[in-house]
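Now for the letters of each chain:
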Amino acid sequence: MMASLGWDLRMPVKHSVLMSGVAGVLSIAMVGAGFVIATYNRTRRARLLAGILVGAGIAATHFIEMASISVQGTLVFDPRFSSTALIVGVALSGASFVVMHKTDDAVRQILAALLLAGAMIALHVVAVAGISVNMDPGLVAPEKLVSDTVMGFSVTIAAIALLSASLAMAVADFRVNRDGAVEVDRLRSLADAAIEGIVVVDHGGHIVNANQSFLSLVGNSMRGLSGAEFSRYFRDFPSGQTITEMAEAGMKLEEATLVSATAEEIPTELYFKSAIVSGEAHNVAVVRDLRERRAAEQRINFLANYDVLTGLANRQLMMDRLQHAMDAAEEAEQKVILHYLDIDGFKEMNTAIGQRSADQLLKFFAGRLSGSLRGMVTVARIGADQFCIVQEAVKLQESAEFLHERLRRKLAQPFTVAGQEIKLTACVGTAMAPDDATTPAHLLARAEIAMKKAKGQGRGTFCFYELAADRALEDRRKLKLELSRALGEGEIFLLYQPQFDIDSGEIAGFEALARWQHKERGIISPVEFIPLAEESGLIVDIGEWIFREACREAASWNKPLRIAVNLSPLQFVDDNLPEKMEAMLENCGLEATRLELEITEGVLIEDEVRALAMLTRLKEKGILLAMDDFGTGYSSLSYLRQFPFDKLKIDKSFITDLKDDQQALGIVKGMIGLAHGLDIPVLAEGVENEAQLAMLRLEHGDEVQGFYTGKPMPISHYSELIGGHKHDTDLSQTA
């Protein structure tokens, strides 16, 4: 409008107030609509449309204003210039809005302003250049039109008023912004302090603002992110819904992969909601970094499914894989082979080399197992020194035999731990599905049965599962269960076997021997049920009962004979054993010197220092100590030298072959000579005939025990040897 007032035609010019008003209103409406579109939808296409709308508004204002002018003649518009002016104006206006992408970029702001100003100037200049006037002195402008002077004065007043109002509003806006800046800074500080990323997104899905946490995740600055599409930073962002729709629905995305500026893929969790930001409706996206949670989940999964020490699968994971393998094998008509490995003597090895070295040895062992196997194989650690190998999709049994041979070769090579070479052997039990079992639990149980059978045959043995071994193990389990109630039901009882002086033939004492009177099987030997009691821990209760019963019985004899009782290794580990024995002797009324504890050499080898300390404490209580089964174990002479036993008992295996085996005779002579050299008496077990007794007498043995001199019998059978019972004597004297 101001430009048209400056157009000098050298003739009277008047303007239509109505047309000028229409031009002003249309300009405000179209230009305002364009800026609204550009503000709330910042896509490139929306900004271009807004620029075209603003350019069209400027053009409409120009041409309506030109149409409002009246002169003494006719205005002629050249369509070529008019169309060119329209195209140039709209194009420059659209370009200015496309360039005005990031409002905090000063260069873009200046360029956008120049393009918009250029659009208005170019449109006016080009359009005016195409206008010509055909003079007609007979034409007179209507009186209701206003002159250039009046119009100019009116426009000047309106412009001054508009500028004054704008200045006042700018000052007020500055004050409001200044007062709100503190609040904005406070809110930004709170947002930046948040662990989660917080992003303000407009309705077009473009980033308006973001806190420091999101900037750190993306690896970019706010200047680089402003105006960018939020979804472009996520690899698997869902399509079909706008961010505004997600925000209105309060949607949550359980997992979305954020791709940072360094191409790092970060698992995140997204929350969307609507919010008022700076007085305007926006969408807010909360971005939660899931890396720590995923790492924790992976750690938990590892702990739940893998052995921490070796990194192998644990029992749970192995059973899962075994189930899948058996299901797949059934469909493909193949086999699954399970190998159960138990390292020989690892407990003793652990004691000898220490816990740390033993753990390192287990790692090396696990690594060698894993490294020696190929194909569809799972290696698992299911116990301290027990491992399993699962072979999947097997067609022939020979595959198990090939694996056995490979394991033999691998384990034949020594391990080096803490500078020392260690050789390991393992017993392996093997079972196959579906031949031996149809469920993982049964397959594992039968592989274990085969392993125990291998253990019974010696170190480094490999065995396949056999039904007979399973039945024997089941029978053993049943017997162990029945043993748990045998003591309470009075099925355990004692027999007594006499011990005689070899020269005089006088009775020296008795050994108390436990028997089990089974309801169905009859009398069960201690050779059969004592190992079961030791495995189950029942030996502690059974042993205490044997001690109490034997001491009570011996205390009732008229003759002060010794009573010998076997001490189990499990009882020997009780630190309070000497005090318990002393209390038991006191309660039974038996002198400590009449009790003889028989201890095997295996007890001493477990922990020599502790064993010798325990023997010393027992000896201080006055209790006699005998080394049982001498010659069958380690037979370390250092034990005899460090601690003076009261008796050595030569095992019956040497006595049995005494007559026919010169080597056995030589061993017996050597043991008797050794014991006498240490001033320790010797008792020979298992004397079955006169010839054995005579030879022992000839070799100057001290005491004998065996079927020839007296079988294990109820104590009533040996009433004369014990001189009767004290209560019987008291009754006869009273009578």
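On a predicted model such as this, the values are computed, not experimentally measured, just so you know.

**Quick look at the pairing of strand β22 (residues 595-600)**
Piece 1. With respect to burial, β22 is a largely interior element, five of its six residues being buried.
Piece 2. Alignment of strand β21 (residues 562-566) against β22, held across four bridges, turns out to be parallel. Among the inter-strand pairings, V565 is bridged to a residue of β22, identified as L597.
Piece 3. Relative to strand β23 (residues 624-630), β22 runs parallel, the two being bridged by five bridges.

**What about the sheet that holds strand β17 (residues 462-464)?**
Piece 1. Read across the open sheet, the five strands follow the order β12-β13-β11-β16-β17; overall the sheet is mixed. Both edges of this open sheet fall to β12 (377-381) and β17, since each of them pairs with a single strand only. With strand direction ignored, the average angle separating the axes of adjacent strands in the sheet is 20°.
Piece 2. The sheet contact formed by strand β16 (residues 426-433) and β17 spans three bridges and is parallel. Within the sheet, the bridge partner assigned to G429 lies in β17 and is C463.
Piece 3. Strand contacts of helix α11 (residues 315-332): β11 (335-343), β12, β13 (386-394) and β16, with the helix running at about 155° to β11, the strand carrying the most contacts.

**Here's the deal with the nonpolar core**
Most often, soluble globular proteins keep nonpolar side chains buried together rather than apart.
Piece 1. L483, F510 and I563 are the most contacted members of the largest nonpolar core, which has 77 residues in total.
Piece 2. Ranked by residues supplied to this core, first place goes to helix α18 (residues 539-555) with eight residues.

**Looking at the packing of helix α3 (residues 44-67) against helix α4 (residues 79-99)**
Piece 1. The N-to-C vectors of α3 and α4 enclose an angle of 140°; their axes lie 7 Å apart at closest approach. Crossing of α3 over α4 shows right-handed handedness. Touching R44, R47, L48, A50, G51, I52, V54, G55, A56, A59 and F63 of α3 are S82, L86, G89, V90, S93, G94, F97 and V98, all from α4.
Piece 2. The class makeup of the residues in the contact of α3 with α4 is eleven nonpolar, six polar and two charged.

**Side note on the sheet that holds strand β8 (residues 252-259)**
Strand pairs in the sheet, formed through backbone hydrogen bonds, run parallel or antiparallel to each other.
Piece 1. Strand order in the open sheet formed by five strands is β7-β6-β10-β9-β8, and the pairing between neighbours is antiparallel. Looking at the sheet topology across the chains shown, the edges are occupied by β7 (207-210) and β8. Adjacent strand axes in the sheet meet at a mean angle of 35° when their direction is disregarded.
Piece 2. Note: strand β6 (residues 197-201) against strand β10 (residues 280-289), five bridges, orientation antiparallel. Looking at β10, one finds that G197 is bridged to V287.
Piece 3. Across the sheet, helix α10 (residues 291-305) lies against β8, β9 (265-277) and β10, angled at about 140° from β9, the strand it touches most.

Here is what the cut-offs are and how they apply
Residues numbered from 1 in each chain as written. Predicted model: local features only at pLDDT ≥ 70, side-chain atom pairs only at ≥ 80, totals over all residues. Heavy atoms only, no water. Buried < 20%, exposed > 50% of the residue type's maximum accessible area, 1.4 Å probe, protein only. Helix = DSSP H or I, 4+ residues; strand = E, 2+ residues; numbered from the N terminus. Pairing = 2+ DSSP bridges. Axes fitted to C-alpha atoms, helices over the stretch in contact; angles between N-to-C directions. Contact = heavy atoms within 4.5 Å. Core = buried A, V, L, I, M, F, W, Y, C linked by side-chain atoms within 4.5 Å. Left-handed = near helix turned anticlockwise from the far one by under 90°. Nonpolar A, V, L, I, M, F, W, Y, C, P; charged D, E, K, R; others polar.

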